[in-house]
Amino acid sequence: MAGTAVSTHDSVDLDDIQGLIARSYLQLPYASYVLLGIEDAGPARSVLTGWADHVTAARTAPADTAMNIALTSGGVLALTGREALAMGFSEPFATGMATEYRRRLLDDVGANDPVGWQWGGPTTEVVHVVALLFAGSAGQLVELQQNAIASAEAGGMRLVKVLETSKYSDREHFGFRDGISQPVIVEFASQPRDGDVVRIGEFVLGHVNEYGQRTERPLLPPAADPQGILPRDPDGSGAADLGRNGSYLVFRQLRQDVEGFEDYLTQAATVGGRVDEAARELLAAKILGRWRGSGAPLTTSPDYDDPRQADANGFAYHELDAAGLRCPIGAHIRRSNPRDSLPPNPGTADSQKINRLHRLLRRGRGYGPERTDSSDAERGLHFLCFNSNIARQYEFIQHSWLNGPGFAGLVGVEDALTGPRATGACKFVVPSVPARRRYHGLPQFVQVRGGAYLFMPGLRALRYLSSDIANH
Amino acid sequence: MAQQSAVTVRAQILDGRVEVVTAALSENLTAPGKYLRFADLPGVHFARMFIVETATLQSGETVPASLIYMADVDSSADRHLRDLVEKAAPGVDKLFGSCVGYPERPDNRQRITWLRQHKLAPAAYYVHTVGRTVARAREETRLYERVGEILDSGGVAVDGATPAQLGRELRNAVLRRGDFAWIKKRPRGAGMWVELRNGVELAAVAAFLLLTAPVLLPASAIWLLLVRLRERTDSQESGVPDQAHVDDVRRYEDFGAQNPFTAVGEIKPGLVRLVTMRVALAGLKLACRLVYNKDQLAGIDSIHFARWIPLDDNRRLIFASSYDGSLESYMDDFITRVWWGINLVFGNGAGFPRTRWLIFGGARDEISYKHYLRRHQIPTPVFYSAYPRHTASNLDRFTKVRTRMRSDSPDADEWLALL
C-alpha cells in the first residue's frame, strides 16, 4: 500500500506544515481554542508574525506545549485587506459555513440553525483567527492561553470566545471510543504502516490527491511575493503558492444530549417493565457500529464485545456483511466510512478507491463534564477535521452519507446518532433474519452550537499573510 | 403506451420581457405550483422551466433569450401538452404569453397548436426504469410502506419464524386489504413488443457493426486521428466560476431528494466535432434504449431521467437531468465511473477540459471539470418531482419487493431483506 505515496520529487516540508495536521497531540491532554477578531490589521500582523515563530510544525512531536493558528476567510481579508486573496481560496471556505445555501446543504436548520449558534453564526461576533493551544498540564495551558490572549489584545485583536476542552480521553460523551479509524498518511507516519493509506494531497494543499492531481488552491503571480516568502508552485508555473502545505480545518461545536441518548436506549430495551441490559448495549453498538465497552467493531465481533478486537480497523463490509446483519447499513461508522461497500462494484479495490475520495483527518476533543458526572452542564464535542477539498470531503460526507436519507439504498433515514432531525424524530433500521427490526421516535442527540470553515496555512504562508507585503 | 416520453418546448422571449418571465418563474420557490400544478396533471415524473439567456455564439451571431419547458411523462408529448393546456391554461398564458408569436386571447386549440409547434425532440433520452409509471411508482411505494407498518405493528409473528413463514404471513396480511390485490399481477413494464423490438434492434446493430467492421474500423481510426489533431489545439476554459452565477444556480438546489441539472454549451466549430457529437449521441440514444433501460446508466443508479437536445442548428447542446443527491456527488460519480462517456459526448463542447483520444483526460481533471459544469449550468427556478422523498434506488427497491411478493415463494428472504 505504500506504493500509493507521492513520487519522491514531490517532497513534503514537515517544517512548513502545522503540527496538528500531522498528529493529534495525545500526549498533551489539555487544550483550548481561542477565537479572536481583528480590529486593527497592522498590529495584528505583527502579533501573528511573532506567533509564526512559535507555531508547532509537523517535524517533531511537541513535548510540553503546542500552538497552531488558523484563519477564516474573513480573517484573511481583515489581515490583508485584499478581497481577491480571500476569494482565491476554494468556494466553501471563501463564502463560509453559515450561508443560506450551506444551511440547507449541511442541514443546519431547526435546532442547528446558525441563528442560534454561540459563535460563528450571523448574530455572533465575527471570528477571524483561531489559536489552538495544547499543553501537558492544566497549569501550562492556563499560562499559554493567558499569554496568547494578552498579546492578541495588545496587538489589535479582540477576544471573541475561549472554547475549553475536557482533559483528553479517547472516549466521547456517549461512551464510545473515538478516533480509532483515521486515514494513514505515509509522509506523517513515524513507521511504515499498512492499511488505510490515503494520499497526502487529500489533506494538505498543493500535493497530489487521490485523483492524481494537485489540489485547487490560491496561486499568486510571482510579483505578489517579491521576497519569496512563499513556496513556488511545484508544477513550475512560477506562481507563489499560498495554499501549499496548508489545510482546510472544519470546526463544528456539537452539543451531545447524553441523558437523551441513554434514556432512548433504556426505553427501547424495556420489555414488560424490565430493562434488558444486553439488548440495550447491543442497540448502542448497532447505532454506532462498534461496542461501547472496548470499541470492537460489530463487523468482526457481531455477537459480543471482544476486547481482542478493540482496535480492529482493517475490516471491510462487503464480503462479511453486505446486508448489514452485523453492522447495520445505517450505523454511524458505516455511513461515515463505507469502506468497500460503495456501488457499482462493492467488495472491490475500485469501491475502496472511490471511498478514499471522501476521507477526513479528525482532530476533535470533547468539552464539558465527564459523562459519569451528574452535572447538567453542557457536554459535547469540538469536532475538528482537516481536508483539502471541503465540498468533496466534509460536505459530501455530511450531506450524502450521514444525513442522506437514501444512503446506500436506505429509505428515508438519516444518521441515528448525529442526524439533525430536520423533519422530526427519526427511525433506525437494524437488519436481521427473518426481517429487520425498526426503531422509531429517535430524538435529536447532537446539536450544532457553532462552527466555521478555517484555513490552517503553512508556516511560510502564515508569515506571508502577516507580512506587510501581502497588504499591498 | 408504457414508455415515458421527454417533452420539451422552447420559445423565444419577446424583447424586454426576460425580466417579467424570470420574476414569474422565481415565484415558484415561495409558491410552488402557483402557475402550473404538475401534481394535477396525469403521469408527470419531473418537470422544469428555465430561461436560456441571450448569447453570442463563436460565429458572432446573437441568439435571443428563450423559455424552455421540460417534462418527463407517461403519455406522449402531444397528449401531455393537451393535458397541460386543459388543466392549466391561465398558467400557460402567464408564462408563455411573453414569448414571440404566442396568440392573443387564445382558445385551448390555439394554445395546444402553438406549444406543439415549439416542441423539440431529444437526440438521446435516458429513463431510469423504462415503463415504471408515476402511478406504479406510487402504488409500489404504498405497498412498501404498508408491509413495513405491518411488521412494525407486531401484527405478524417475527421471532422464530422462517423467512418463508414470515413472507407468507406478510403477504396474506397485505392481501387481506382489498386494495393491494394488484400485487398478484405482473407489473406492466415497457411491454412485450418493445422488448421484442429492442431485441431485434440490438441484433441488427450487432450484425451491422460486424458486417461493416472491415470498413468501419479503419475509418474510425482515421477519424480518431482527425479528432486528435484538433484536440491538441482545442482551447479550454479556466478559472473559477463567477460567484454570483453559482449563487443563482444554487438558489434552486438541494430542496428534496432530487436536484435538477440543466446546462448548455456550444459545440466546437467545424464538421469533425459536429459529426463526432452526432455519432456519440446516436450511440447514446441506442445505448439508453437497448442497454441502459433498467435501473442504471453506465453504473450510475442515481439518475432518474436525462436528455440531450441539440439547439440552434446543432451549434449548441442542452443537457438536462433529474438526479439524487447533491451536485458534488453527481459530479464525482461521473468522474469516477463514466468519465469516458462524458468525454465522448461533452468533450465536443467548446471550452471543455482538454481530452486525449476522445475519451481520456477531460472530465478526469477534477477541478476544471467541476468548474466547467458549474459555469455552464442554468438556474432552474421551476422544478417538480412526483416523488421528492425517494431516490431512484428507493423506487427500484420498492419494485423488487413488489415483483417478489407476487407469488407465495419460498425464497422470501430475498425480499424480506429489502424491507
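Our subject is the structure that appears above.
Residues numbered from 1 in each chain as written. Chains lettered and ligands numbered in written order. Predicted model: local features only at pLDDT ≥ 70, side-chain atom pairs only at ≥ 80, totals over all residues. Heavy atoms only, no water.

**Student:** Can you lay out the overall build of chain A for me, pointing to particular residues and giving the numbers?
**Tutor:** Looking only at helices and strands, chain A features 14 helices and 15 strands. The globule rule puts the C-alpha radius of gyration for 472 residues at 23 Å, and the 22 Å found for chain A is close to it. Judged by the C-alpha coordinates and their principal axes, chain A covers about 75 × 50 × 40 Å. The buried share of chain A, reckoned over its 472 residues, is 58%. Separation between the mean location of the 47 positive side-chain charges and that of the 54 negative ones in chain A comes to 4 Å. (Helix = DSSP H or I, 4+ residues; strand = E, 2+ residues; numbered from the N terminus. Rg over C-alpha atoms; globule rule 2.2 N^0.38 Å. Buried < 20%, exposed > 50% of the residue type's maximum accessible area, 1.4 Å probe, protein only. Lys, Arg positive; Asp, Glu negative; His and termini not counted. Charge placed at Lys NZ, Arg CZ, Asp CG, Glu CD.)

**Student:** I'd like a description of the overall build of chain B, backed by residues and values.
**Tutor:** Counting secondary structure elements, chain B contains 13 helices and 12 strands. A compact globule built from 419 residues should have a C-alpha radius of gyration of about 22 Å, and chain B, at 24 Å, falls within 12% of that. The burial tally for chain B puts 54% of its 419 residues in the buried class. Partitioning the intrachain contacts of chain B with sequence separation of at least 6 by distance along the chain shows that 78% fall at a separation of at least 24. Roughly 18,700 Å² of accessible area belongs to chain B as shown, and the carbon and sulfur atoms make up 56% of that amount. Separation between the mean location of the 55 positive side-chain charges and that of the 48 negative ones in chain B comes to 4 Å. (Contact = heavy atoms within 4.5 Å. Areas by Shrake-Rupley, 256 points an atom, 1.4 Å probe, with all protein chains shown as cover.)

**Student:** Can you explain a nonpolar patch on the surface? Please cite residues and give values.
**Tutor:** The grouping of B:M192, B:W193, B:L196 and B:V200 at the surface amounts to a nonpolar patch, some 520 Å² of accessible area in total. In this structure, B:L196 sits in helix α6 (residues 192-231). (Patch = residues over 30% accessible without salt bridge, like charges linked within 9 Å, V, L, I, M, F, W, Y side chains within 5 Å. Salt bridge = Lys/Arg side-chain N within 4 Å of Asp/Glu carboxyl O.)

**Student:** Break down the interface of chain A and chain B for me, with residues and values.
**Tutor:** Every contact between the two is made by 31 residues of chain A and, on the other side, 42 residues of chain B. Taken together, the two surfaces of chain A and chain B that pack against each other cover about 2,900 Å², and 54% of this comes from carbon and sulfur. Among the residues of chain A in contact with chain B, A:R104, A:Y211 and A:P434 are the three that bury the most area, contributing 21% of the side total. A salt bridge links A:R436 to B:D152, with the shortest nitrogen-to-oxygen separation between them at 3.3 Å. Our count for the contact surface shared by chain A and chain B stands at 19 residue pairs in polar contact (both at pLDDT 80 or more). Elements represented by at least two residues in the side of chain A that touches chain B include exactly α5 (91-95), α6 (100-105), α13 (391-402) and β14 (437-442) of chain A. Sort the elements by how many residues they give to the side of chain A that touches chain B and α13(A) lands first, with five residues. (Buried area = accessible area lost by both parts, 1.4 Å probe. Polar contact = N/O pair within 3.5 Å; in protein donor to acceptor, adjacent residues only side chain to side chain.)

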